[in-house]
Amino acid sequence: CSREMKFCELLKHLSKCPKMEVSCELKCGKRLCRENMAQHLKQECGLVVETCRLGCGVEMTRDELKIHVTETCVHRFIPCEHCKKDFKFCDMTHHLDKCPKMEVSCELKCGVVMCREDVTQHVEQDCVEKEIECPFVKYKCEAISIQRKHLSQHLEEKRTEHLELKLTAMELKLNAMEDTVFKQCEGSNEIKQHIDESKQYRDESKQHRDESKQHVDESKQHRDESKQHVEESKQHRDESKQHRDQSKQHRGESKQYRD
């Protein structure tokens, strides 16, 4: 420090001289002026013990904490591999149970894999295992719960019944309208004409229903006839094959006789 003093006081001064170069008292290996020791220990020395700044409560040296906060601390932030947002390591398992971007299988086990956020829409609109009601339930069809994958078959098999139910509902509605209008405006020629038109429409609807039923019956008959023709064709082929086999056998017998 270049201060002048008595020789007898020099040793005592050297033990406290702020400019004297000394080694870190925690033995980190760095040498520095004594007057800078406090700052070194406060800000730089890697052997100073501190508490993890992320709040996990662990105490370790400053050098160890540099690795701890980036690699091992349960409160360190890491990105979710699905939604790319950052979460604490200790919260990641809980997040993955709810992450909207994580791929999951359909909860009804139809085999489709999708993002969790799309599951609700999939189940309500597309899942073949979803229990739904027939669209003709409002016309009193009894299929109030049927898997979506079986709906097409149900609609095909009950096509005639569905048509009859719908037409019946229409007739009941027309009857109710006629009764209401007639009670409100009884005796009016205009209303009477409206009722006649409604009755005519109802008769036409009934005729349409009968024609539709007849068409379905004819279609069924055509399918039965086609099936019968197929069976007859198969029988004819079998008989032809049998005749060919018999002819072949006769030719063989004739050749043997000639020999």
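Residues numbered from 1 in each chain as written. Predicted model: local features only at pLDDT ≥ 70, side-chain atom pairs only at ≥ 80, totals over all residues. Heavy atoms only, no water.

**Things to note about the overall build of the protein chain**
Helix and strand content of the protein chain: eight helices and ten strands. Across the 259 residues in the protein chain, those meeting the buried criterion constitute 21%. Sequence-distant contacts, at least 24 apart, represent 11% of the contacts inside the protein chain between residues at least 6 apart. (Helix = DSSP H or I, 4+ residues; strand = E, 2+ residues; numbered from the N terminus. Buried < 20%, exposed > 50% of the residue type's maximum accessible area, 1.4 Å probe, protein only. Contact = heavy atoms within 4.5 Å.)

**Some points on the packing of aromatic side chains**
The final tally for this structure, using the stated rule, is one aromatic pair. Arranged with centres 6.0 Å apart and planes meeting at 45°, the rings of F136 and Y139 form a pair that is tilted. The exposure class of F136 is partly exposed, given its relative accessible area of 22%. R76 extends its terminal NZ or CZ atom over the ring of F89, reaching a point 4.3 Å from the ring centre. (Phe/Tyr/Trp six-rings, centres within 6.5 Å; stacked < 30°, edge-to-face > 60°. Lys NZ or Arg CZ within 6 Å of the ring centre and 35° of its normal.)

**Observations concerning unusual backbone geometry**
Phi is positive for K84, close to 70°, though the residue is something other than glycine. For K84, the location among the structural elements is in the loop between β5 (77–79) and β6 (86–88). A positive phi angle, close to 80°, is found at K140, a residue other than glycine. Tracing the backbone through its elements, the reader meets K140 in the loop between β9 (131–132) and β10 (146–147). Assessed through its relative accessible area of 69%, K140 is described here as exposed.

**Let's talk about the nonpolar core**
V22, C24, L32, M37, L41, C45 and V48 form the largest nonpolar core, which has seven residues in total. When residues no more than four places from it in sequence are discounted, the contact partners of V22 are K30, R31, L32, R34 and M37. In terms of nonpolar packing, the next biggest core, distinct from the first, is built from six residues, V104, C106, M114 and C127 among them. (Core = buried A, V, L, I, M, F, W, Y, C linked by side-chain atoms within 4.5 Å.)

**Examining the pattern of salt bridges**
Pairs can form between side chains of opposite charge whenever their charged atoms are close. Applying the stated criterion across every chain yields a total of eight salt bridges. K158 is the partner of E161 in a salt bridge, and the nearest nitrogen-oxygen pair spans 3.6 Å. In this structure E161 comes out as partly exposed when scored by relative accessible area, which is 42%. (Salt bridge = Lys/Arg side-chain N within 4 Å of Asp/Glu carboxyl O.)

**Notes on helix α6 (residues 148–157)**
All buried positions along α6 are accounted for by R148, L151 and H154. Seen from one end, α6 has its buried residues packed into an arc of 75°, which puts them on one side. In α6, the exposed positions angled more than 90 degrees off the buried face are occupied by S152, E156 and E157. For α6, the secondary structure elements touched by its buried residues are α5 (119–125), β9, β10 and α7 (159–184). (Arc of directions from axis to C-beta.)

**A word on α7**
Here α7 contains 26 residues, and its C-alpha end-to-end distance of 38 Å stays within 8% of the 38 Å for a straight helix at 1.5 Å per residue. Every buried residue belonging to α7 is among H162, L167, E171, L174 and E178, and all of these are buried. (Expected span 1.5 Å × (residues − 1).)

**Overview of the environment of P100**
Residue position: P100 is located in the loop between α4 (92–96) and β7 (103–105). Here P100 is in contact with C115, R116 and E117, once residues within four sequence places are set aside.

**Regarding the side chain of R148**
Tracing the backbone shows R148 in helix α6. Among buried Asp, Glu, Lys and Arg side chains, R148 stands out as unpaired, with E124 the closest opposite charge at 6.1 Å. The residues touching R148, leaving out its near neighbours within four places in the chain, are V123, E124, Q125, D126, C127, V128, K130 and I132. (Lys, Arg positive; Asp, Glu negative; His and termini not counted.)

**What to know about the side chain of R76**
Here R76 is to be found in the loop between α3 (62–72) and β5. Of the side chains bearing the opposite charge, E71 lies closest to the buried R76, which forms no salt bridge; the N-O distance is 8.1 Å. Here the side chain of R76 touches T72 through a polar contact of 3.5 Å, landing on its backbone oxygen. Every residue in contact with R76, bar those within four places of it in the chain, is listed here: L54, V69, T70, E71, F87, K88 and F89. (Polar contact = N/O pair within 3.5 Å; in protein donor to acceptor, adjacent residues only side chain to side chain.)

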